[in-house]
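Coordinate analysis (summary)
Listed below are the residues making up each chain.
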Amino acid sequence: METEMPVFHKQILSLIGQGKENARTVSYISKLVGLSSTAVREIVSELVVKYGYGIGTSNTKHACGYYFITNDDEKRETVRNLRSRAMKILKRANVISALPLGGQEDFNFLIATGESTQEKVQRKSS
């Protein structure tokens, strides 16, 4: 692991607890270091990818946030969570890439008339 890293990286590292039961939320870390949630997420990603820290992520009710992975179960859960998020993002990207342009006009028409574009087409074809 590299020893020289930016101050914010070091601050965030110092706030991450050991094990899932000591997970720290992004909002908690963000408030303490004075960065946006997006910046905190980007730094945590760098801490894993660039510096090699085993930082887990959990979104369960009683243990939500980042933590240092301490066992195989935490490691498996983190990998499962990351893969699941990645698949959802890829699915959304694939749908968006296949969509025709002009969706906003359809939405504006729906707001103005209360009628969907599909209903409009069906009405015209009748």
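Just so it is clear, the structure is predicted and the values come from calculations on it, not from any experiment.

Observations regarding the nonpolar core
Counting residues in hydrophobic clusters, the biggest one holds 17 residues, and the most contacted among them are I12, V40, L47, I55 and Y66. If you list the elements that add at least two residues to this core, you get α1 (7–15), α2 (26–33), α3 (37–49) and β3 (63–68). The element best represented in this core is α3, accounting for five residues. L47 has contacts with M5, H9, I12, L13, G52, Y53 and I55, leaving out every residue within four places of it along the chain.

Focus on the pattern of salt bridges
Pairing is possible between side chains that carry opposite charge, provided their charged atoms lie close to one another. Under the criterion given, the structure shown has two salt bridges. Residue E77 pairs with K20 through a salt bridge whose shortest N-O separation is 2.8 Å. Taken together, the positions of E77 in helix α4 (residues 72–98) and K20 in the loop between β1 (17–18) and α2 put the pair 57 residues apart, joining distant regions of the chain. Overall, the relative accessible area of 9% leaves E77 in the buried class. Measuring nitrogen to oxygen at the nearest pair gives 2.4 Å for the salt bridge that ties R76 to D73.

A short note on the packing of α1 against α3
Two elements in contact, α1 and α3, have axes whose closest approach is 10 Å; the angle formed by their N-to-C orientations is 85 degrees. On the basis of their axis angle, the class for α1 and α3 is roughly perpendicular. Every residue of α3 that contacts α1 at F8, H9, I12 and L13 is listed here: V40, I43, V44, E46 and L47. Split by residue class, the contact of α1 with α3 holds seven nonpolar, one polar and one charged.

Reading the values: the criteria
- Residues numbered from 1 in each chain as written.
- Predicted model: local features only at pLDDT ≥ 70, side-chain atom pairs only at ≥ 80, totals over all residues.
- Heavy atoms only, no water.
- Core = buried A, V, L, I, M, F, W, Y, C linked by side-chain atoms within 4.5 Å.
- Buried < 20%, exposed > 50% of the residue type's maximum accessible area, 1.4 Å probe, protein only.
- Helix = DSSP H or I, 4+ residues; strand = E, 2+ residues; numbered from the N terminus.
- Contact = heavy atoms within 4.5 Å.
- Salt bridge = Lys/Arg side-chain N within 4 Å of Asp/Glu carboxyl O.
- Axes fitted to C-alpha atoms, helices over the stretch in contact; angles between N-to-C directions.
- Parallel < 35°, antiparallel > 145°, perpendicular 65-115°, else oblique.
- Nonpolar A, V, L, I, M, F, W, Y, C, P; charged D, E, K, R; others polar.

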